[in-house]
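# A structural walkthrough
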Amino acid sequence: MRKFVTVFLSLAFVLTFVSFAKAEVKIGVVDLYRVLNESEEGKKAVSELQSMLDSRQKTLEEKQKKIQTLREEYEKKKSVLSEEARKSKEEEIERLGRDLQRTAADYQVELQKKQNEITQSMLKEIRQIINEFAQKEGYNLILEKAEQLIIFNTSNIDITDKIISLFNQRTSTQKGKK
């Protein structure tokens, strides 16, 4: 809500100022979600995260299989085991189960952290590109296309495709320099 009020007041200020100054207002809209997901760097990041997720998922499945095997062995031998051996096996299965849950939670946090790092790094570069583009092209205002913020805009003020293209160019030239 605060974001909406801020953007609305900014837009109202710009429009009021423009009506007094009789100057041309150039407004653009950019969909950062699309830039993040449709750019080459974004696709690469999604692939990297998916690979990381698949690797972690495989490890969790192996641990789950080990627990299941131990549980099945325990159920088969439960009647012939001593009370102490039964208790020991039950504790081992419970410990492995807790370890699996802890590992899954750790992996979730690790993936979320990695995703946030990648997203923040990309957003920093994208914002820099937007600022440079706005100055070069003479934009007075560029708004982020957000679901609750912008209800309608014409396609002629949507600069998302241009920003994706500029971002792709910049990231490909940076890779060439490395």
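Look above for the structure.
The notes below deal with the structure included here. Note that this is a predicted model, so its numbers are computed, not measured.

A separate point is the nonpolar core. By size, the foremost hydrophobic cluster in this structure holds 19 residues, and its most contacted members are Val30, Val35, Met122, Ile126 and Ile163. Those elements giving two or more residues to this core turn out to be α2 (32-38), α3 (40-77), α4 (83-137) and α5 (160-177). Broken down by element, this core gets its largest block of residues, eight residues, from α4. In this structure, Met122 is in contact with Leu36, Ser39, Glu41, Gly42, Ala45 and Phe167, ignoring residues within four places of it in sequence. By size, the runner-up hydrophobic cluster in this structure holds eight residues, among which are Leu60, Ile67, Leu70 and Ile93.

Let's shift gears to the environment of Asp158. Along the polypeptide, Asp158 turns up in the loop between β2 (141-144) and α5. With relative accessibility at 23%, the residue Asp158 sits in the partly exposed group. Separated by 127 residues in the primary sequence, Asp158 and Asp31 place their C-alpha atoms 8.0 Å from one another. A distance of 2.6 Å separates a polar atom in the side chain of Asp158 from a polar atom in the side chain of Thr160.

What counts, and at which threshold
Residues numbered from 1 in each chain as written. Predicted model: local features only at pLDDT ≥ 70, side-chain atom pairs only at ≥ 80, totals over all residues. Heavy atoms only, no water. Core = buried A, V, L, I, M, F, W, Y, C linked by side-chain atoms within 4.5 Å. Buried < 20%, exposed > 50% of the residue type's maximum accessible area, 1.4 Å probe, protein only. Helix = DSSP H or I, 4+ residues; strand = E, 2+ residues; numbered from the N terminus. Contact = heavy atoms within 4.5 Å. Polar contact = N/O pair within 3.5 Å; in protein donor to acceptor, adjacent residues only side chain to side chain.

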